[in-house]
Amino acid sequence: MLPSSDSPRTPETVVAQAAGSASLSVLDARIADCFACPRLVTWRTEVAAIKRASFRDQDYWGRPVPGFGAPDAEIAILGLAPAAHGGNRTGRIFTGDRSGDVLFAALHRAGLANQPTSVAADDGLTLRHTRIFAAVRCAPPENKPTPAERDTCAPWFQRELELIKPTLRVVVTLGAFAWAAWWPALTVAYGLRPPVPRPRFGHGAEVHLEGAPPLLGCFHVSQQNTFTGRLTPDMLDDVFGRAKALAGLA
């Protein structure tokens, strides 16, 4: 996909287009059309062209991945970035990869998803009371966005947070990267300064600030964590159970 004359191509145009998005549908379309980070554009396009052997017959999305879930969500789940052969292939966050297998199985057990699997954008999955998005919307090489890429992409997440703010009751961050991305968004969406020193990330960490939704920390659902037992299904169940309680859904 080539950029159009309206495609965001600089940090300044990302700021302007994010701020001017009056609805989630407009925001999602603008996110999917972003070309502001040259390294990420090159990588996502290259992955989509070369493909993994097991997906060689599929058409890759190869673009930034918008958020997914209820527009009036009480629970927000913030991740790092789409996977190269997951969201970058399917066009939906945490869809078509092992991390998503773990995450959506847990959401299904918690009653927050209608099915335990997420394999394709048209597989019938719906979320209840929940919206999922990433701090960085393009798949990065080695799953490691640069600080500049993180900052360029931040207005998309921050605007999405503003749009779901009226119903949002709790935020779950998957991993330390997402935890760190929350604090600037707290200032933009809620006008609050982060505590000094900033609370440290940890699984089960919980931060309550007057005027903002509670923040929960959860180890990322990466294979590095789930295959080694650092993050277990029971640990995920505890986090989402706590999130439901804080959101008044338990």
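Residues numbered from 1 in each chain as written. Predicted model: local features only at pLDDT ≥ 70, side-chain atom pairs only at ≥ 80, totals over all residues. Heavy atoms only, no water.

**Section: the side chain of Ser118**
So, point 1. Tracing the backbone through its elements, the reader meets Ser118 in the loop between helix H5 (98-109) and strand S3 (130-134).
So, point 2. At a separation of 2.9 Å, a polar atom in the side chain of Ser118 contacts the side chain of Arg92.
So, point 3. Look past the residues within four positions of Ser118 in its chain and what remains in contact with it is Arg92, Phe94, Thr95, Gly96, Phe104, Asp123 and Leu125. (Helix = DSSP H or I, 4+ residues; strand = E, 2+ residues; numbered from the N terminus. Polar contact = N/O pair within 3.5 Å; in protein donor to acceptor, adjacent residues only side chain to side chain. Contact = heavy atoms within 4.5 Å.)

**Structural notes on the packing of aromatic side chains**
So, point 1. Counted according to the given criterion, the structure contains 5 aromatic pairs.
So, point 2. Plain terms: the ring middles of Trp179 and Trp183 are 5.9 Å apart, the flat faces sit at 80° to each other, and that makes the pair edge-to-face. Residue Trp179 and its partner Trp183 are both found in helix H7 (residues 176-190); the two are separated by 4 residues, about one turn of the helix. There is no split in this pair, since Trp179 and Trp183 are both buried.
So, point 3. With a centroid separation of 6.3 Å and an interplanar angle of 50°, the aromatic rings of Trp182 and Tyr190 are classed as tilted.
So, point 4. Tyr190 gets classed as buried once you look at its relative accessible area, which sits at 14%.
So, point 5. Here a set of aromatic residues connected by ring pairs shows up, and it is made of Trp179, Trp183, Phe201 and Phe219.
So, point 6. Over the aromatic face of Trp61 sits the side chain of Arg63, whose NZ or CZ is 4.2 Å from the ring centroid. (Phe/Tyr/Trp six-rings, centres within 6.5 Å; stacked < 30°, edge-to-face > 60°. Buried < 20%, exposed > 50% of the residue type's maximum accessible area, 1.4 Å probe, protein only. Lys NZ or Arg CZ within 6 Å of the ring centre and 35° of its normal.)

**Topic: the pairing of strand S2 (residues 75-79)**
So, point 1. In terms of burial, S2 is a largely internal element, 5 of the 5 residues being buried.
So, point 2. Residues Ile75, Ile77 and Gly79 of S2 are buried on one face, and the alternating residues Ala76 and Leu78, pointing to the opposite face, are buried as well.
So, point 3. Relative to S3, S2 is paired through 5 bridges, and the arrangement is parallel. Within the sheet, the bridge partner assigned to Ile77 lies in S3 and is Ile132. (Pairing = 2+ DSSP bridges.)

**Overview of the nonpolar core**
So, point 1. Counting 32 residues, the largest nonpolar core has Trp156, Leu161, Trp182 and Tyr190 as the members making the most contacts within it.
So, point 2. Of all elements in the fold, only helix H1 (11-19), helix H2 (24-32), S2, helix H6 (147-164) and H7 reach the threshold of two or more residues within this core.
So, point 3. The biggest single contributor to this core is H7, with 9 residues.
So, point 4. Leave out the neighbours within four places in its chain, and Trp182 touches Phe157, Leu161, Val171, Tyr190, Pro213 and Leu215.
So, point 5. Counting residues in hydrophobic clusters, the runner-up holds 30 residues, among them Ala110, Leu112, Ile132 and Val172. (Core = buried A, V, L, I, M, F, W, Y, C linked by side-chain atoms within 4.5 Å.)

**Points about unusual backbone geometry**
So, point 1. For the bond running from Val196 to Pro197, omega is -5°, close enough to zero to count as cis.
So, point 2. Within the element layout of this structure, Pro197 appears in the loop between H7 and strand S5 (206-207).
So, point 3. Of note in the backbone geometry, His129 takes a positive phi value of approximately 65° without being a glycine.
So, point 4. Here His129 is to be found in the loop between H5 and S3.
So, point 5. A relative accessible area of 34% places His129 in the partly exposed class.
So, point 6. Residue Asn143 is not a glycine yet carries a positive backbone phi of 60°.

Keep in mind that these numbers describe shape and distance, not what the molecule does.
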